[in-house]
Amino acid sequence: MADERRGGPLAGLRVVETGSLIAGPFCGQLLGDFGAEVIKVEDPRGGDPMRQWGSHRPQGLSLTWPIIARNKKSITCDLRQAEGQELLRQLLAGADVLIENFRPGTLERWGLGPAALAELSPGLVVTRVTGYGQDGPYAGRAGFGSIGEAMGGLRYLTGEPDRQPSRAGISIGDSLAGTFAALGTVMALLARERTGRGQVVDSAIYEAVLALMESILPEWELAGARRERTGSILPGVAPSNVYPTRDGSAVLIAANRDTVFNRLAEVMGCPEWQGDERFGTHTARGKNQAELDELVSAWTREQDRDALLERLHEAGVPAGLIYTAPDMLADPHFEARNAVVRLIHDRLGSFPMQNVAPRLSETPGRVHTLGPELGQHNDEVYGGILGLDAGTMTRLRADQVI
């Protein structure tokens, strides 16, 4: 039985995570945030590469690892060895979920495919995260998040129209695949309550990205229109852009809805715009987007940032700043809602990170621990859960199985 002391809506569930890097482990992070006991299985020869990755590494330490491995336990196990595969099989016999992001067919080669695992534990949910999914002509290809972002349509639409497509500054494709994997896992667990049977959750990076692509497919097939890169605007959605201020800053204003635009027009001292054929409707504003943006920019250039924001907020016009990390750490709203949580890292001290989302009123998630040391929980899991004796543990270490 999984450790239920952590609380949260998933307390009592045991998740075994064999994935590495981001897509699979982000799924595990989300489940662990809401109380699941997540046992991360790592290669004893160095563990998850995320332990070393990152462009900034104070004292040689990854700043990503403590976040993506938070609330998890770490054990080492060489799954390429038959004895390591047997250890995983024993662990899965008492688990609720397996997360893996190997290439399709890897588990099957090890005798640990979904069919074999269903015989071992009929209620086990097997969550598989890959670039292209478990079947189809591309299934066997190596797939990273950036490729899925491109194939799913996001990369083409990101950036300025006169330049090559850009990428987001984060691994959004991986994280989306992990998010959909976590959603699918919870739905599969809910279905298990009715059927008693587990199932396979197949989360592909390119499909997770495609799921967010709104209406680009019917726009092409039915209207003959292909969306293009448009920089800071969405064509036909106005005013919704970044506007300059007198003190050299910039403010985001999103007033494209009719009622909101009417409030902006009042604040700007241009109430007549509400009946202007150029700006009176959403469609009209879209057609005259460039002209409207110039008019709004001319108005914002005459005001300092803070005073402008105060006027817009008082009028009920959505507006804000483009935040960086220092802004987030200093913002009173972030502080009031505990959007940033701090834990103590044994070498780095106070360690800030994003808190659990979304919030649940009765069974909220929580960050209990930072990412563990490699193999930190070997004794707890192998000795406590599987009941291996000290002699067996010593031999497994000597044979580099764990």
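Residues numbered from 1 in each chain as written. Predicted model: local features only at pLDDT ≥ 70, side-chain atom pairs only at ≥ 80, totals over all residues. Heavy atoms only, no water.

A. Quick peek at the overall build of the protein. Of regular secondary structure, the protein possesses 18 helices and 11 strands. Dimensions of the protein, computed from the C-alpha atoms along their principal axes, are close to 85 × 50 × 40 Å. Going through the 402 residues of the protein one by one, you find that 42% of them count as buried. Within the protein, contacts between residues separated by at least 24 positions form 67% of all contacts whose residues are at least 6 apart in sequence. In the form shown here, the protein has an accessible surface area of approximately 20500 Å², with 53% of it arising from carbon and sulfur atoms. Distance from the positive charge centre (41 side chains) to the negative charge centre (51 side chains) of the protein: 3 Å. (Helix = DSSP H or I, 4+ residues; strand = E, 2+ residues; numbered from the N terminus. Buried < 20%, exposed > 50% of the residue type's maximum accessible area, 1.4 Å probe, protein only. Contact = heavy atoms within 4.5 Å. Areas by Shrake-Rupley, 256 points an atom, 1.4 Å probe, with all protein chains shown as cover. Lys, Arg positive; Asp, Glu negative; His and termini not counted. Charge placed at Lys NZ, Arg CZ, Asp CG, Glu CD.)

B. Inspection of the sheet that holds strand 6 (residues 200–204) at higher detail. Taken in spatial order, the 6 strands of this open sheet run 3-2-1-4-5-6, and their pairing is parallel. Bordering the open sheet on either side are strand 3 (72–76) and strand 6, each of which pairs with just one other strand. Direction aside, neighbouring strands of the sheet carry axes that sit 20° apart on average. Bridging between strand 1 (residues 14–17) and strand 2 (residues 37–42) involves 4 bridges; their strand directions are parallel. Considered in strand 2, the bridge of Glu-17 is made with Lys-40. (Pairing = 2+ DSSP bridges. Axes fitted to C-alpha atoms, helices over the stretch in contact; angles between N-to-C directions.)

C. Inspection of the pattern of salt bridges at higher detail. Tallied over the entire structure, the rule returns 28 salt bridges. The partner of Glu-100 in a salt bridge is Arg-128, and the shortest N-O contact between them spans 2.5 Å. Note that Glu-100 is positioned in strand 4 (residues 97–100) and Arg-128 in strand 5 (residues 125–130), a separation of 28 residues in sequence. Overall, Glu-100 belongs to the buried group, its relative accessible area being 1%. Connected via shared salt-bridge partners are Arg-14, Glu-37, Lys-73 and Glu-380. (Salt bridge = Lys/Arg side-chain N within 4 Å of Asp/Glu carboxyl O.)

D. Structural context of the sheet that holds strand 7 (residues 240–244). Across the sheet, which stays open at both edges, the 3 strands sit in the order 7-8-9 with antiparallel pairing between neighbours. Because the sheet does not close on itself, it has two edges, and the strands there are strand 7 and strand 9 (319–320). Examined bridge by bridge, strand 7 and strand 8 (residues 250–254) share 5 bridges and lie antiparallel to one another. Directly across from Tyr-243, in strand 8, lies its bridge partner Val-251.

E. Structural view of the pairing of strand 10 (residues 340–345). Along strand 10, the buried face is formed by Val-341, Leu-343 and His-345; none of Val-340, Arg-342 and Ile-344, which line the opposite face, is buried. Of the pairings in the sheet, the one linking strand 10 to strand 11 (residues 349–354) comprises 6 bridges and is antiparallel in character. Pairing of Arg-342 across the sheet is with Pro-352, part of strand 11. The hairpin turn running from strand 10 into strand 11, its antiparallel successor, is 3 residues long.

F. Main features of the side chain of Ser-297. Among the structural elements, Ser-297 can be located in helix 13 (residues 289–300). Look past the residues within four positions of Ser-297 in its chain and what remains in contact with it is Tyr-243 and Pro-244.

G. Inspection of unusual backbone geometry at higher detail. Ala-238 connects to Pro-239 through a cis peptide bond whose omega is -5°. With respect to the secondary-structure elements, Pro-239 resides in the loop between helix 10 (216–223) and strand 7. At the junction of Ala-357 and Pro-358, the peptide bond is cis and its omega measures out at 0° in the coordinates. By secondary structure assignment, the location of Pro-358 is in the loop between strand 11 and helix 17 (378–385). Phi is positive for Glu-214, close to 50°, though the residue is something other than glycine. Residue placement: Glu-214 occurs in the loop between helix 9 (205–210) and helix 10.

H. View of the environment of Val-341. Tracing the backbone through its elements, the reader meets Val-341 in strand 10. Through-space distance from the C-alpha of Val-341 to that of Gly-391 is 41 Å; in sequence the pair is 50 residues apart. Other than its neighbours up to four places away in sequence, Val-341 contacts Phe-351, Pro-352, Met-353, Gln-354, Asn-355 and Val-367.

I. Structural view of the packing of aromatic side chains. Applying the stated criterion across every chain, the model contains 6 aromatic pairs. Ring plane angle 40° and centroid distance 6.5 Å describe the contact between Tyr-132 and Tyr-206, whose orientation is recorded as tilted. Here Tyr-132 is found in the loop between strand 5 and helix 6 (145–151), whereas its partner Tyr-206 is found in helix 9, with 74 residues between them in sequence. By the burial criterion, Tyr-132 is buried, and Tyr-206 matches it. Ring geometry for Trp-273 and Phe-279: centres 5.3 Å apart, planes at 65°, overall edge-to-face. (Phe/Tyr/Trp six-rings, centres within 6.5 Å; stacked < 30°, edge-to-face > 60°.)

J. Representation of the environment of Asp-135 in the model. Tracing the backbone shows Asp-135 in the loop between strand 5 and helix 6. Along the backbone, Asp-135 and Pro-104 are 31 residues apart, and their C-alpha atoms lie at a distance of 7.9 Å.

K. Fine view of helix 13. In a regular helix each residue adds 1.5 Å, so 12 residues correspond to 16 Å; helix 13 covers 16 Å between its end C-alpha atoms and thus fits that length. Looking only at helix 13, the buried set comprises Gln-289, Leu-292, Asp-293, Val-296, Ser-297, Trp-299 and Thr-300. Seen from one end, helix 13 has its buried residues packed into an arc of 160°, which puts them on one side. Summarising the geometry of helix 13, the exposed residues directed more than 90 degrees from the buried face are Ala-290 and Glu-294. As for helix 13, its buried residues are in contact with strand 7, strand 8, helix 11 (258–267), helix 12 (282–287) and helix 14 (305–315). (Expected span 1.5 Å × (residues − 1). Arc of directions from axis to C-beta.)

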